[in-house]
2 protein chains.
Amino acid sequence: MDLEQVKNYYLKERERILSELKQFLSFKSISTNSSFKTECIQCAKWLSSHFEACGLESTLIETPTLPLVYSWYNCSPEAPTVVFYGHYDVQPPDPLEAWESDPFCAVEKNGRLYARGAQDNKGQLFYFVKAVEFLLKQKALNCNLKIIIEGEEESGGKGITSVLNDIKDKIKGDVLLVCDTGTPYAEAGAVTVGLRGIIALTVEITGPRKDLHSGVHGGVAPNPAQILCTLLSSLHNKDGSVAVTGFYEGIAEPTAEELKLLNTFPVTDNLYKELTGVLPLGGERDKDLLIRRGFRPTLEINGITSGYTGQGMKTIVPHNAEAKISCRTVVGQKKPEELLNLVCSQIEKNFNDMFPNKESGLHLRIKEKVTAGEALKVNPTSWHIQKASEILKEITGKETIFIWEGASIPIISELSKVSGALPLLVGFGLEEDNIHAPNESFSLEQFMKGFLFCSLFLSKAEK
Amino acid sequence: MDLEQVKNYYLKERERILSELKQFLSFKSISTNSSFKTECIQCAKWLSSHFEACGLESTLIETPTLPLVYSWYNCSPEAPTVVFYGHYDVQPPDPLEAWESDPFCAVEKNGRLYARGAQDNKGQLFYFVKAVEFLLKQKALNCNLKIIIEGEEESGGKGITSVLNDIKDKIKGDVLLVCDTGTPYAEAGAVTVGLRGIIALTVEITGPRKDLHSGVHGGVAPNPAQILCTLLSSLHNKDGSVAVTGFYEGIAEPTAEELKLLNTFPVTDNLYKELTGVLPLGGERDKDLLIRRGFRPTLEINGITSGYTGQGMKTIVPHNAEAKISCRTVVGQKKPEELLNLVCSQIEKNFNDMFPNKESGLHLRIKEKVTAGEALKVNPTSWHIQKASEILKEITGKETIFIWEGASIPIISELSKVSGALPLLVGFGLEEDNIHAPNESFSLEQFMKGFLFCSLFLSKAEK
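From a predicted model like this one, the values you see are computed outputs, not experimental measurements.

Participant: Where do I start with the packing of helix α1 (residues 3–25) of chain A against helix α3 (residues 122–137) of chain A in this structure?
Facilitator: Helix-helix packing is characterised by the crossing angle of the two axes and by the distance between the axes. All names here are of chain A. Taken N-terminus to C-terminus, the directions of α1 and α3 make an angle of 130°; their axes are 10 Å apart at the nearest point. Looking at the two axes, α1 sits oblique to α3. Crossing hand, α1 versus α3: right-handed. Along the contact surface, α1 presents V6, Y9, E13, R16, I17, E20, L21, F24 and L25, while α3 presents K122, G123, L125, F126, K130, E133, F134 and K137. Of the residues contributing to the contact of α1 with α3, the split by class is nine nonpolar, one polar and seven charged.

The structure is reproduced here in structure tokens:
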């Protein structure tokens with residue numbers, strides 16, 4: 001199977017393929033709103049039938065919430081097994097009035113397809129489906145396939161999480177292919193080889209029984225807002241590193257190979273400022289931006305509230321103060337639960353150092369504790385990454401970009417562990433696709449590249 | 001004039017006096033709500049006529065907003081001149097449904113009079129009026145009187161502030177008597193000999209153009225919430241003192257006399273905790289509670305807001321963070337405007353030390369700056385304080401309590417300066433009077449003490 005061949009097929013079948021995609025996009029499979037449950041189930045059934053029509057076997061796996069679509073193809077026991085993960089649910093289209101066309105009636109315009117889900121994830125999932133169909137027609141599918149498509153990626157992933165261990169045997173494999181990521185610029189292809197994990201918590205300081213008059217009590221009553229500020233500020237060192245004992249333990253430095261690949265797409269301070277409005281002065285300032293994002297954990301304040309925050313002055317000593325904190329974690333660090341304990345213990349210790357008297361009337365409460373997913377890193381020199389990288393270079397004519405992404409996709413790490421398959425995250429999304437926002441769209445050029453990539457990878461999947 | 005004589009008169013005239021007070025309380029003189037403007041003016045006219053009926057001369061002084069009632073009595077050029085300040089306006093009665101009786105139809109119950117303004121300030125003002133009436137009847141008023149009653153104390157004092165300099169000559173005097181304070185317990189009388197001043201400001205840190213994804217940008221973008229916490233925490237030293245250079249400059253230590261009087265009503269840590277729920281661990285912890293409240297300035301955070309503060313997590317780097325700060329100031333410190341500049345400069349310096357690069361994209365903005373009144377201290381050994389103290393002791397049979405109050409009554413300091421009169425703050429309010437709240441009331445026993453005090457003080461006002 002060569003690139004020319006695949007491309008010719010795609011261009012010939014383009015109209016049919018896009019018309020089928022438009023059908024898939026017409027389902028209002030909004031998982032977060034239970035009034036769309038029926039539409040979600042109809043969408044899952046449509047997709048399952050579609051897999052069958054393409055020549056795969058397929059079934060629905062029931063969960064306590066929405067069903068999973070499970071499809072498979074047995075090539076031969078010697079061939080590698082590719083596990084594919086995707087999701088058929090979409091974000092709500094709100095605010096509807098901001099859309100230029102109906103979000104559930106896809107429209108082609110200027111080389112783009114506009115619809116909710118056009119990119120995330122129906123569009124990116126569909127080029128994979130069509131590549132499988134093509135290879136089956138050509139008898140060129142050279143791997144076993146196990147496809148698992150969930151319906152709650154946009155709303156917490158309850159269904160898949162609750163049945164993951166039961167379907168362990170159904171998803172054993174070698175490569176976990178996920179087409180739900182993007183590339184920093186259209187001309188080049190990108191492989192995501194790192195994701196950070198995430199833990200979160202809320203810290204509350206309570207003091208006086210009620211807000212106190214700051215004249216009568218100012219300078220006498222301990223002020224929860226001030227205490228919280230001091231407590232939060234004690235969680236970072238002056239150099240921007242996290243001041244939690246043991247936080248960085250176990251983290252390996254990036255390998256020489258990783259560093260080399262990382263620097264194929266450097267980001268300058270000025271480019272960062274252009275993008276965000278600020279210089280990259282957060283976190284461990286002495287380290288390079290891409291190292292910090294991909295290889296270093298963080299502790300960020302996501303929100304604070306205390307006392308009076310309206311217009312003008314209200315002179316009180318507030319009775320409480322609260323902050324939301326989340327940490328992005330990296331491979332090599334302690335397990336998420338241990339890490340969460342570490343952060344909580346440090347906060348408690350710092351608070352107790354400030355107010356050792358148990359009778360102070362001040363209380364520290366740590367609540368809303370969450371460990372929402374583990375970090376993930378894939379060796380960029382492993383065979384499947386190398387192969388993907390070569391294919392991308394062949395398609396685009398440009399060197400492949402390697403991304404150690406700072407964000408988290410919680411299920412991937414778990415899925416990789418349970419299935420035993422090494423993650424391969426390749427996607428063709430672009431910043432301008434407006435995923436999760438009004439007027440979501442997907443470049444049809446990028447859609448085609450996805451089709452080319454999946455076709456070539458699956459036909460050459462032997463190790 | 002002796003105590004027995006005054007008391008006998010009061011008991012004989014009690015019903016008439018209270019029925020007149022009830023009339024005064026029936027006016028809905030709510031200054032903050034412009035729809036009550038006519039009621040406010042009617043109340044002022046009624047009060048002015050009432051002063052005339054008592055034997056004083058009286059007029060209304062127009063202001064750009066609500067009129068002042070100005071009444072006077074000339075005793076003799078040799079006699080001291082007492083300037084009296086009070087206010088005829090009241091707080092809104094809301095929430096109305098929480099009242100057990102009509103707030104503008106005063107009701108006597110269990111030795112208390114229930115109505116909006118029963119204590120603050122119509123009740124406390126009215127015992128003074130009735131004492132003057134009594135002394136005039138008895139030809140025992142031994143001082144000149146200049147009475148100024150404003151109608152906007154509860155809503156910012158615009159009227160009096162805008163005409164204060166024009167009426168300078170009308171209010172020249174020796175003693176500025178104000179009956180708008182209270183006593184910590186009913187059995188003893190109290191003289192307030194100190195008030196703190198107040199300045200306020202809002203600090204805002206802005207960073208990224210919008211909230212950023214904390215996965216993609218965490219540990220890279222500077223976080224305004226974290227920066228604000230560090231900045232705020234830099235404004236106090238570890239011992240709780242304010243870390244603003246020059247902040248404490250000029251403050252005199254309390255005199256031996258002040259210390260002696262202060263300790264006539266000590267507050268223990270346990271009593272404080274019982275009252276508020278916390279031990280007094282705020283401010284300069286190495287100093288005594290009453291010293292801190294009465295003689296030391298403070299810097300308090302009144303409120304903070306940044307990022308996401310709802311339920312659960314929203315993993316962002318917030319684009320901005322804001323805090324409200326106010327300082328209580330004391331006598332000897334720099335002028336309010338200078339002090340405000342000092343605090344602002346320190347905040348700017350600390351911020352610039354953290355982020356010296358002008359191109360960082362981070363911005364500090366200090367806004368909503370206010371200097372709302374200067375601190376005030378009266379020498380407790382001055383003749384008028386001594387006299388007031390003796391009279392209170394005579395009435396109550398208990399040692400008089402001296403209060404260096406931490407709160408602020410902005411106009412008093414200005415009024416004292418313009419009139420040249422030394423403040424004398426004596427009031428009979430109690431914590432349980434619920435001023436500014438539903439079911440405001442005034443103990444009729446306390447009302448009588450007010451009558452006794454004013455009668456005795458004004459009859460013995462010669463130096």
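Moving on, there is more to tell.
Participant: Looking at this model, I keep getting lost on the domain arrangement of chain A. Mind explaining?
Facilitator: In many reports, interface size means the accessible area that the parts give up when they come together. All names here are of chain A. Assigned domains of chain A: these are domain 1 (3–195 + 375–459) and domain 2 (197–251 + 297–373). Relative to domain 2, the C-alpha centre of domain 1 lies at a distance of 40 Å. Each partner contributes residues to the interface: domain 1 has eight residues there, and domain 2 has eight residues. Summing both sides of the interface, domain 1 and domain 2 together bury roughly 560 Å²; the carbon and sulfur share of this comes to 56%. Ranking the residues of domain 1 by area buried against domain 2 places A375, S408 and P410 at the top, with a combined share of 69%. Scanning the region where domain 1 abuts domain 2 turns up zero salt bridges. Linking domain 1 with domain 2 are one residue pair in polar contact (both at pLDDT 80 or more), by the criterion used here. Considered class by class, the residues forming the side of domain 1 that touches domain 2 number five nonpolar, two polar and one charged.

Participant: What am I meant to see in helix α11 (residues 383–396) of chain A here?
Facilitator: Note: α-helices contain 3.6 residues per turn, so residues at a spacing of three or four share the same orientation. All names here are of chain A. For α11, which comprises 14 residues, the first-to-last C-alpha distance of 20 Å matches the rise-based estimate of 20 Å (1.5 Å per residue) to within 8%. Residues of α11 that are buried include every one of H384, I385, K387, A388, S389, I391, L392, I395 and T396, and no others. Check the buried side of α11 and you find it contacts α1, β7 (175–178), β8 (190–195), β16 (401–404), β17 (422–426) and α13 (444–459). Two residues or fewer past α11, G397 is found with a positive phi of approximately 80°.

Participant: What's the story with the interface of chain B and chain A in this structure? I'm lost.
Facilitator: Every contact between the two is made by 79 residues of chain B and, on the other side, 79 residues of chain A. In this assembly, chain B packs against chain A so that about 5900 Å² is buried in total across both faces, 56% of it on carbon and sulfur atoms. When the buried surface of chain B facing chain A is broken down by residue, V220(B), N302(B) and I304(B) rank first, second and third, together holding 11% of it. At the junction of chain B and chain A, the tally comes to two salt bridges. A salt bridge links E359(B) to K273(A); the shortest N-O distance between them is 3.8 Å.

Participant: Quick question: what am I supposed to make of helix α10 (residues 336–354) of chain A here?
Facilitator: Residue and element names in this part refer to chain A. With 19 residues, α10 extends 27 Å from end C-alpha to end C-alpha; this agrees with the ideal 27 Å at 1.5 Å per step. For α10, the complete set of buried residues consists of P336, L339, L340, V343, C344, Q346, I347, N350 and F351. The buried residues of α10 occupy one face: seen down the axis, they fall within an arc of 155°. In this structure, the buried side of α10 is in contact with β9 (197–206), α6 (224–233), β11 (298–307), β13 (320–329) and β14 (363–373).

Participant: Would you mind showing me how to read unusual backbone geometry here?
Facilitator: Among all residues except glycine, the phi angle is most often negative; among peptide bonds, the trans geometry is most common. Residue D94(A) is joined to P95(A) through a cis peptide bond whose omega torsion reads -5°. Assignment of secondary structure puts P95(A) in the loop between β3 (81–87) and β4 (107–109). A cis amide bond links D120(A) to the next residue, N121(A), at an omega of 0°. Residue placement: N121(A) occurs in the loop between β5 (112–114) and α3. Positive phi is not limited to glycine here, since E368(B) has a value of about 50°. Looking at the secondary structure, you find E368(B) in strand β14 (residues 363–373). Even without a glycine there, the phi angle at N439(B) is positive, about 60°.

Participant: What exactly am I supposed to notice about the pattern of salt bridges here?
Facilitator: Oppositely charged side chains can pair when the atoms bearing their charge come close. Evaluation of the coordinates by the stated rule reveals 52 salt bridges over all chains. For K335(B), the salt bridge is made with E374(B), and the minimal N-O distance between the two is 3.3 Å. Of this pair, K335(B) sits in the loop between β13 (320–329) and α10 (336–354) while E374(B) sits in the loop between β14 and β15 (376–377), and the two are 39 residues apart along the sequence. Put simply, E13(A), R16(A), E20(A), K130(A) and E133(A) are held in one network by salt bridges that share partners.

Participant: When you look at the environment of E258(B) in this model, what are you seeing that I'm missing?
Facilitator: Residue and element names in this part refer to chain B. If you trace the backbone, E258 turns up in helix α7 (residues 256–262). By relative accessible area, E258 is classed as buried at 4%. Put simply, E258 and V193 are 65 residues apart on the chain and 9.6 Å apart in space, counted from C-alpha to C-alpha. Setting aside its immediate chain neighbours within four residues, E258 contacts F295, K377, P380 and W404.

Participant: Mind showing me how you'd approach the pairing of β8(A) here?
Facilitator: Along any regular strand, the residues point their side chains to alternate faces of the sheet. Residues and elements named next belong to chain A. By the criterion of burial, β8 is predominantly enclosed, with six of the six residues buried. Pairing analysis gives four bridges linking β8 to β16, with the strands arranged parallel. Its bridge partner lying in β16, G194 is registered against W404. In terms of strand pairing, β8 meets β17 through two bridges, oriented antiparallel. Bridge assignment links V191 to a residue of β17, and that residue is V426. By the bridge criterion, two bridges tie β8 to strand β15 (residues 376–377) in an arrangement that is antiparallel. Residue G194 lies in a different strand from β15, and its bridge partner there is K377.

Participant: Would you take a moment to explain the packing of aromatic side chains for this structure?
Facilitator: In this description, an aromatic ring pair is defined by two values, namely the gap between the centres and the angle between the planes. If you walk through the whole model with that rule in mind, you get 40 aromatic pairs over all chains. Between Y9(A) and F451(A), the aromatic rings sit 6.1 Å apart at their centres with planes inclined by 15°, giving stacked as the arrangement. Highlighted residues: Y9(A) in helix α1 and F451(A) in helix α13, separated in sequence by 442 residues. Residue class for Y9(A) comes out buried when judged on its relative accessible area of 8%. Residues Y127(B) and F447(B) carry aromatic rings whose centres are separated by 5.9 Å and whose planes lie at 75° to one another, so their mutual orientation is edge-to-face. Taken as a pair, Y127(B) in helix α3 (residues 122–137) and F447(B) in helix α13 (residues 444–459) lie far apart in primary sequence, 320 residues in all.

Reading the values: rules and limits
- Residues numbered from 1 in each chain as written.
- Chains lettered and ligands numbered in written order.
- Predicted model: local features only at pLDDT ≥ 70, side-chain atom pairs only at ≥ 80, totals over all residues.
- Heavy atoms only, no water.
- Axes fitted to C-alpha atoms, helices over the stretch in contact; angles between N-to-C directions.
- Helix = DSSP H or I, 4+ residues; strand = E, 2+ residues; numbered from the N terminus.
- Parallel < 35°, antiparallel > 145°, perpendicular 65-115°, else oblique.
- Left-handed = near helix turned anticlockwise from the far one by under 90°.
- Contact = heavy atoms within 4.5 Å.
- Nonpolar A, V, L, I, M, F, W, Y, C, P; charged D, E, K, R; others polar.
- Domains from an automatic or database assignment.
- Buried area = accessible area lost by both parts, 1.4 Å probe.
- Salt bridge = Lys/Arg side-chain N within 4 Å of Asp/Glu carboxyl O.
- Polar contact = N/O pair within 3.5 Å; in protein donor to acceptor, adjacent residues only side chain to side chain.
- Expected span 1.5 Å × (residues − 1).
- Buried < 20%, exposed > 50% of the residue type's maximum accessible area, 1.4 Å probe, protein only.
- Arc of directions from axis to C-beta.
- Pairing = 2+ DSSP bridges.
- Phe/Tyr/Trp six-rings, centres within 6.5 Å; stacked < 30°, edge-to-face > 60°.

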